[in-house]
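The lines below spell out each chain.
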Amino acid sequence: MPNLPPVRTLLLCCLAGLPLASQAEPSAERGRYLVQVAGCNDCHTAGYILAPDQVPESAWLLGDSLGWSGPWGTTYASNLRLVLPKLSEEQWLQLARNANYRPPMPSHALRIMEEDDLRSIHRFAKQLGEAGQPAPAALPPGQTAQGPVVQFPMPPAQ
Ligand code: HEC
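Anyway, here's the lowdown on the structure attached to this text.

Thoughts on the coordination of the iron atom of the ligand
Protein coordination of the iron atom of the ligand is provided by H44 (NE2) and M105 (SD), with donor distances spanning 2.0 to 2.1 Å. Classification of the site at the iron atom of the ligand as octahedral follows from its 6 donor atoms and the range of 88 to 180° in their angles at the metal. Of the two residues, H44 sits in helix α3 (residues 40-44) while M105 sits in the loop between α5 (89-97) and α6 (107-112), which places them 61 residues apart along the sequence.

Things to note about the side chain of H122
Examined against the element boundaries, H122 turns out to sit in helix α7 (residues 115-128). In this structure the side chain of H122 is engaged in a polar contact, spanning 3.2 Å, whose partner is the backbone oxygen of L84. Here H122 is in contact with L84, L87, S88, E89 and W92, once residues within four sequence places are set aside.

Notes on a nonpolar patch on the surface
Together, V83, L95 and Y101 give the surface a local cluster of nonpolar side chains, amounting to about 230 Å² of exposed area. Judged by relative accessible area, which is 31%, L95 ranks as partly exposed.

A closer look at the packing of helix α2 (residues 28-37) against α7
Look at α2 against α7: their axes get within 7 Å of each other, and the N-to-C directions meet at 95°. One element, α2, and the other, α7, form an angle in the roughly perpendicular class. Residues A28, R30, G31, R32, L34 and V35 of α2 pack against D117, S120, I121, R123, F124 and Q127 of α7. Here the contact of α2 with α7 is composed, by residue class, of 5 nonpolar, 3 polar and 4 charged.

Overview of α5
Along α5, the residues that are buried comprise E89, W92, L93 and A96. The buried residues of α5 occupy an angular sector of 100° when projected down its axis, which confines them to one face. For α5, the secondary structure elements touched by its buried residues are α6 and α7.

A closer look at the packing of aromatic side chains
All told, the structure shown has 4 aromatic pairs when counted by the stated rule. Aromatic side chains W68 and F152 sit 6.2 Å apart centroid to centroid with 65° between the ring planes, which places their arrangement in the edge-to-face category. One end of the pair, W68, is in strand β1 (residues 67-70); the other, F152, is in the segment after β3 (149-151), with 84 residues separating them in the sequence. Judged by its relative accessible area of 16%, W68 falls in the buried class. The exposure class of F152 is partly exposed, given its relative accessible area of 31%. Among the aromatic residues, ring-to-ring pairing joins Y48, W60 and F124 into one connected group.

Rules used throughout
- Residues numbered from 1 in each chain as written.
- Predicted model: local features only at pLDDT ≥ 70, side-chain atom pairs only at ≥ 80, totals over all residues.
- Heavy atoms only, no water.
- Donors = N, O, S within 2.8 Å, 3.2 Å for Na, K, Ca; no water.
- Tetrahedral: all angles 85-135°; square planar, octahedral: opposite > 155°, others 65-115°.
- Helix = DSSP H or I, 4+ residues; strand = E, 2+ residues; numbered from the N terminus.
- Polar contact = N/O pair within 3.5 Å; in protein donor to acceptor, adjacent residues only side chain to side chain.
- Contact = heavy atoms within 4.5 Å.
- Patch = residues over 30% accessible without salt bridge, like charges linked within 9 Å, V, L, I, M, F, W, Y side chains within 5 Å.
- Areas by Shrake-Rupley, 256 points an atom, 1.4 Å probe, with all protein chains shown as cover.
- Salt bridge = Lys/Arg side-chain N within 4 Å of Asp/Glu carboxyl O.
- Buried < 20%, exposed > 50% of the residue type's maximum accessible area, 1.4 Å probe, protein only.
- Axes fitted to C-alpha atoms, helices over the stretch in contact; angles between N-to-C directions.
- Parallel < 35°, antiparallel > 145°, perpendicular 65-115°, else oblique.
- Nonpolar A, V, L, I, M, F, W, Y, C, P; charged D, E, K, R; others polar.
- Arc of directions from axis to C-beta.
- Phe/Tyr/Trp six-rings, centres within 6.5 Å; stacked < 30°, edge-to-face > 60°.

Here it is as structure tokens:
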């Protein structure tokens with residue numbers, strides 16, 4: 001006999017309109033998990049990629065002054081705690097679905113991320129709260145950054 005849920009459980013789930021498989025609900029706690037495993041902290045939290053255990057949660061997602069230089073110019077990972085909490089959850093979904101930022105921001109990850117996961121990240125950022133300063137403004141190609149940068153190779157000359 002396969003391991004089926006008892007009839008009573010099936011009935012209760014149907015009546016309550018609940019899915020039988022356990023499904024993650026959006027939550028700040030899940031958002032906390034996602035910003036770690038989806039890499040958001042790696043770029044949007046200063047020092048995190050080198051020593052993830054040493055950066056307190058209070059410093060997460062505050063952006064970074066480490067520049068990323070390449071053919072697109074120089075970009076800086078934004079302070080997400082000044083961006084996400086200002087948006088409603090619906091505005092955030094809209095922004096994420098249309099994400100088209102410069103490298104190395106993985107815009108594609110935001111575009112394809114499941115809605116519940118996006119909602120969870122938004123709730124977590126809101127829970128962390130607004131704090132910090134905006135990251136330095138991006139520089140156009142050809143302009144030299146003042147601070148440290150990660151230099152991507154230029155495309156081979158045609
Ligand atoms: C490899 C580094 C990297 C990773 C990983 C990364 N980001 Fe970014 N992100 C950036 C950079 C750099 C920018 C600025 C891009 C620009 O200026 O065009 C950015 C910009 C953004 C923006 C635009 C904010 C604004 O200023 O309006 C959002 C939203 C964002 N990231 C969310 C996320 C989320 C959520 C994750 C995790 C799923 C994530 N990022 C992972 C580097 C990264």
